[in-house]
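The primary structure of each chain is shown beneath.
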Amino acid sequence: MAQKFILICCALLAGLLARTQENNSLNLMPVPVLLTAHPGRVDIGEGFRVSVRGKPDRRIFAEASRFVRRLSERTGIFLDHQGFVSPSDSSPSAALLIQIRRPGSLKLGEDESYSLESGGGQVILSAVTDIGAIRGLETLLQLVSADEKGYFFPGLSIRDYPRFAWRGLLLDVALHFMPVDQIKRTLDGMACVKMNVLHLHLCNDQGFRVESRRFPRLQQVASDGVYYTQQEIRELVAYASQRGIRIVPEFVVPAHTTAILTAYPQWASVKRKYSLQRYFGVFDPVMDPTNERLYPFLDTLFSEMASLFPDAYFHIGGDENTGKDWQSEPHIRRFMAERGMKSFMDLQTYFNRRLLPIIEKNGKTMMGWDEILQPGVPKQIVIQSWRGNASFYGSLRQGYRAILSYGYYIDLIQPASYHYQNDPIPDSAALSAQEQQRVLGGEATMWSELVSPLTVDSRIWPRTAAIAERLWSPRSVTDTEDMYRRLDIISLGLEALGLRHRTYKQVLLRQLAHGDDTRSLEVLSDLIEPLKIYERNQGDTMYTVFSPLTKLADLASPDQPQPRIFSREVDSFLLHPSPALRQLLWDKLNCWKQNDALFQRLLLGAPVLREAAGLSRNLSLLAGAGLDAMEALDAGRKMDGAWLEQQLLVAARARQQGGRCELQVVDAVQRLIERAAR
Ligand code: ACM
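Residues numbered from 1 in each chain as written. Predicted model: local features only at pLDDT ≥ 70, side-chain atom pairs only at ≥ 80, totals over all residues. Heavy atoms only, no water.

> Explain the overall build of the protein residue by residue, including any values.
Check the secondary structure of the protein and you find 25 helices and 19 strands. For the protein, the spread of C-alpha atoms along the three principal axes comes to 85 × 70 × 55 Å. Residue burial in the protein is summarised as follows: out of 678 residues, 58% are buried. A separation of at least 24 residues holds for 76% of the contacts in the protein among residues at least 6 apart in sequence. Taken as two groups, the 79 positive and 76 negative side-chain charges of the protein have centres that lie 2 Å from each other. (Helix = DSSP H or I, 4+ residues; strand = E, 2+ residues; numbered from the N terminus. Buried < 20%, exposed > 50% of the residue type's maximum accessible area, 1.4 Å probe, protein only. Contact = heavy atoms within 4.5 Å. Lys, Arg positive; Asp, Glu negative; His and termini not counted. Charge placed at Lys NZ, Arg CZ, Asp CG, Glu CD.)

> Describe the pairing of strand 2 (residues 50-54), with residues and values.
The pairing of strand 2 with strand 3 (residues 96-102) spans five bridges and is parallel. Paired with G54 across the bridge in strand 3 is I100. (Pairing = 2+ DSSP bridges.)

> Account for empty space enclosed by the protein, naming residues and giving values.
As enumerated under the stated definition, the model contains three cavities of 30 Å³ or more in all. What the largest cavity holds in volume is close to 210 Å³. Looking at the largest cavity, it is lined by 16 residues, and the ones nearest its centre are D411, L412, E449, L450 and I533. Class assignment for the residues of the lining of the largest cavity results in nine nonpolar, one polar and six charged. The volume enclosed by the second largest cavity comes to roughly 80 Å³. If you go around the second largest cavity, you meet 13 residues; those closest to its centre are K107, E110, E112, N196 and R246. Classifying every residue of the lining of the second largest cavity by side-chain character gives four nonpolar, four polar and five charged. (1 Å grid on protein atoms, 1.4 Å probe; cavity = no way out; pocket = protein on both sides within 12 Å on 5 of 7 lines; lining within 4 Å. Points joined across faces, edges and corners; volume = space filled by probe spheres on them. Nonpolar A, V, L, I, M, F, W, Y, C, P; charged D, E, K, R; others polar.)

> So what's going on with the pairing of strand 12 (residues 246-253)? Residues and values would help.
With eight of eight residues buried, strand 12 lies mostly within the body of the structure. In strand 12, alternate side chains face the same way, and those of R246, V248, E250 and V252 on one face and I247, P249, F251 and V253 on the other are all buried. With five bridges connecting them, strand 9 (residues 197-201) and strand 12 associate as parallel partners. For V197, the partnering residue across the bridge sits in strand 12 and is R246. With two bridges connecting them, strand 12 and strand 13 (residues 313-317) associate as parallel partners. Bridging across to strand 13, E250 finds its partner in H315.

Shown next, in the form of structure tokens:
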């Protein structure tokens, strides 16, 4: 009896704690620094008005107007009476009063703090800069609540500011080009989760993507006709600025330059014919740093490119130089020997030192990937770590400022929880206070080997929201379950902004099913994920820039919710086998078992899907094994070793890839199977 009482108390307490946790974060992503709930509320009705007071930059008026439109779209309330929010809208009693002390400027470390007070019929959003106010408007939109009386903002106080000043997303538009509209919607998504740097990777072996007036062969022969005009670049910079987001350009040198060398082969180390790379990976072509005339070329090109991007940072890449095209050239070996250079990395450092004044005379700080961290590299350069934490901590210890991307490679299809746990300053690093201060922040990286404009949103979102939270919210915010709860909510908010990470599936489902019923394909595709890390591309041998990205592995998205939910349900069932949970699992397994017959019929008219035949059959067999296990558990019958061995074989088979995808429910079903034999 006493034990039961204690159990009930524990359950109540756990429920209360869960609710408190929920109240602390509500549905916000990223979680704010401080949130206190109050009893009051602010109703949202047709009379809802916004006013701006203080000394903001003009960008706040467009953003406040956009806020009103989004609020109107979210609630269906006609809030169009105010029209465009203008400086004349400055009533202190407006339902939303925005107070701003000074104009913000788009620079690293600008004040992005804000506070929100709501209750008593008014929301007051206060910020030092309009950029802080823009962050606060995003929070406010996430706070829209509803009950039987209508829509409202709950009563609360929020005080919020970022943990790191650099919260970036790298978008690679070189390997696969992304149209202007895709970048704009990416910027909208970034603003929604308070990210503030879009790092555009603008050239690589496969193409050079910016119009150059000084060297027009770059777009004429090295872009396949897909590149941004200078006007489009200015448009993107203005669009990002409106959202309080900086754009940092990357022009990678001296390696990964096949595109530049295709247009201007005179700058290559090895004299050979160059043409755009169609495969992905690491290649030998590299610029010749011993050629004095290379530097005026880079000066002219980088000065032209720097003039298009007002940001104070300029990324020169510097990664993945094989050095082979340097070692094979006698004149380069001689150059190195004359200067006492021992390795080709010494030569690359020489090259970087020559670049530095070119970048700095354009008023920029130079940055590069962690390969450029070599003895003798000037301390003002910012290092972006991608090869491991060691290079990150090493940069900090040697006095460099650094950005972490290792652990944030979203192109590798790992779950949001993996990225979420990757703290830039973990205890284990034992960094001094000074070293910690040199951590600028982090960047998610969306390399585009295997994405198209149709699928790229699904590789960025919603997982990047978890990284955004890691970089904005206090370090103590680490509850992965709660992160996933809020991730599912922010995913809908991102969709409302026009991102296609969910809807693209419908397009591909219909296309792949070739006009037939898509249901069986949908059942299968919700349970699979593309092969992770670098496996899908079989060591860079399978895909070229022209390969179709409209297949099963493109339909399958990363970190699928259904397997995650199923796994949680199986664990709950094994702990407390309630009839309701039993029925739920039974229905799912039964659906998966039956699905194969429908799917094999679909294949008759959709040959593109034949690569998934094995996956579907294996899912059916696996589900059958799961059903057998549940029957045994129902009957309290312990299955024998021979049965277990056979079912484990079924599970092992279900782990085989098909169509470059893997089933994600095998572990959970295997837990059922193993329990039945225990
Ligand atoms: C990189 O991923 N090569 C920076």
